[in-house]
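Residue strings, one per chain:
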Amino acid sequence: MSISSRFAVGIHILALIEINKDGVSSSEFLAGSVNTNPAVIRKIMGMLKKAGLIIVRPGIAGAELAKDLSDITLQDVYKAVNVVQEKELFSIHENPNPDCLVGRNIQCTIEPLFTLAQTALEKALGNVTIEDVVKDIIEKEEFNTIK
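For the structure given in this document, a descriptive report is provided here. (Residues numbered from 1 in each chain as written. Predicted model: local features only at pLDDT ≥ 70, side-chain atom pairs only at ≥ 80, totals over all residues. Heavy atoms only, no water.)

**Observations concerning the overall build of the protein chain**
Here comes step 1: Secondary structure summary: the protein chain contains six helices and two strands in total.
Here comes step 2: Start at the N end of the protein chain and walk to the C end: the helices and strands fall as α-α-α-β-β-α-α-α.
Here comes step 3: Relative to the globule expectation of 15 Å for 147 residues, the C-alpha radius of gyration of the protein chain, 19 Å, shows a markedly less compact shape.
Here comes step 4: Expressed along its principal axes, the backbone C-alpha trace of the protein chain runs to roughly 65 × 40 × 25 Å.
Here comes step 5: Within the protein chain, buried positions represent 32% of all 147 residues.
Here comes step 6: In the structure as shown, the protein chain presents an accessible area of about 9500 Å², 54% of it carried by carbon and sulfur atoms. (Helix = DSSP H or I, 4+ residues; strand = E, 2+ residues; numbered from the N terminus. Rg over C-alpha atoms; globule rule 2.2 N^0.38 Å. Buried < 20%, exposed > 50% of the residue type's maximum accessible area, 1.4 Å probe, protein only. Areas by Shrake-Rupley, 256 points an atom, 1.4 Å probe, with all protein chains shown as cover.)

**Quick notes on the side chain of S27**
Here comes step 1: Of note, S27 is situated in helix α2 (residues 27–34).
Here comes step 2: Polar side-chain contacts of S27 include one of 2.9 Å to the side chain of R42.
Here comes step 3: Those residues in contact with S27 that lie beyond four places of it in its chain are P38, I41, R42 and M45. (Polar contact = N/O pair within 3.5 Å; in protein donor to acceptor, adjacent residues only side chain to side chain. Contact = heavy atoms within 4.5 Å.)

**Thoughts on the packing of helix α1 (residues 6–19) against α2**
Here comes step 1: Contact geometry for α1 and α2: axes closest at 10 Å, N-to-C directions at 120 degrees. Comparing the axis directions of α1 and α2 gives the class oblique. Here α1 runs over α2; the crossing is right-handed. Counting all contacts with α1, which are made through V9, H12, I13, L16 and I17, the residues of α2 involved are F29, L30, S33 and V34. (Axes fitted to C-alpha atoms, helices over the stretch in contact; angles between N-to-C directions. Parallel < 35°, antiparallel > 145°, perpendicular 65-115°, else oblique. Left-handed = near helix turned anticlockwise from the far one by under 90°.)

**Observations concerning the packing of aromatic side chains**
Here comes step 1: By the definition in use, this model includes two aromatic pairs.
Here comes step 2: For the pair F90 and F114, a centre-to-centre distance of 4.9 Å together with 35 degrees between the ring planes defines the contact as tilted. Remark: F114 occurs in helix α5 (residues 101–126) and F90 occurs in the loop between α4 (74–80) and α5; sequence separation between them is 24 residues.
Here comes step 3: What makes F90 partly exposed here is its relative accessible area of 35%. (Phe/Tyr/Trp six-rings, centres within 6.5 Å; stacked < 30°, edge-to-face > 60°.)

**Overview of the nonpolar core**
Here comes step 1: Membership of the largest hydrophobic core comes to 33 residues, with the highest contact counts inside it found for F7, I13, L14, L48, V77 and I130.
Here comes step 2: Within the residue set of this core, elements represented by two or more residues are α1, α2, α3 (38–50), β2 (63–65), α4 and α6 (130–146).
Here comes step 3: Sequence-distant contacts of I13, that is, excluding residues within four places in its chain, are made with L30, I41, I44, M45 and L48. (Core = buried A, V, L, I, M, F, W, Y, C linked by side-chain atoms within 4.5 Å.)

**Focus on unusual backbone geometry**
Here comes step 1: Despite not being glycine, N35 shows a phi value in the positive range, around 65 degrees.
Here comes step 2: By relative accessible area, which is 70% here, N35 ends up exposed.

**Digging into α5**
Here comes step 1: Counted at 1.5 Å a residue, the expected span for α5 with its 26 residues is 38 Å, and the 38 Å between its end C-alpha atoms agrees.
Here comes step 2: Maximal helix bending in α5 amounts to about 30 degrees, located at Q107.
Here comes step 3: Along α5, the positions that sit buried rather than exposed are G103, I110, Q118, E122 and L125.
Here comes step 4: Those residues of α5 that are buried lie in contact with α1 and α4. (Expected span 1.5 Å × (residues − 1). Bend = angle between axes of the 7 residues up to and from the residue.)

**A look at the pattern of salt bridges**
Here comes step 1: All told, the structure shown has four salt bridges when counted by the stated rule.
Here comes step 2: Residues K21 and E18 are paired through a salt bridge, measuring 2.8 Å at the closest nitrogen-oxygen approach.
Here comes step 3: Accessibility expressed as a relative area gives 56% for K21, which makes it exposed.
Here comes step 4: A salt bridge links E28 to R42, with the shortest nitrogen-to-oxygen separation between them at 3.5 Å. One end of the pair, E28, is in helix α2; the other, R42, is in helix α3, with 14 residues separating them in the sequence.
Here comes step 5: Assessed through its relative accessible area of 44%, R42 is described here as partly exposed. (Salt bridge = Lys/Arg side-chain N within 4 Å of Asp/Glu carboxyl O.)

Pasting the structure below:
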């Protein structure tokens, strides 16, 4: 099982809105880039709007960023699209055998390790902005155009 693709799609949406800031970033346009249904894009855009990351106006096609690129971290996107709840990135099986040495102790042994790992991931995501993502996309495009 992997982290929901909503995270990657959310990053995709924000990067494309910025790169297409002189155009209209409608759900249909964004869906074409993500290669998915516009309804999926609208659902994720609703999450991004609720988190204060984008502005969408009823009856007006398109979306725009609600914050500066450098103020939106990947952790913001991660939390906005409900990838996981707090301290729930890793699931622990619920009913190990209490008559087994490992079964009795596995949950309390691995739970703090899982919490530490999730905290480290979220901290790392907090150090990368959508600006970083957009710059990297543009650099890759320029490099590929030169080839």
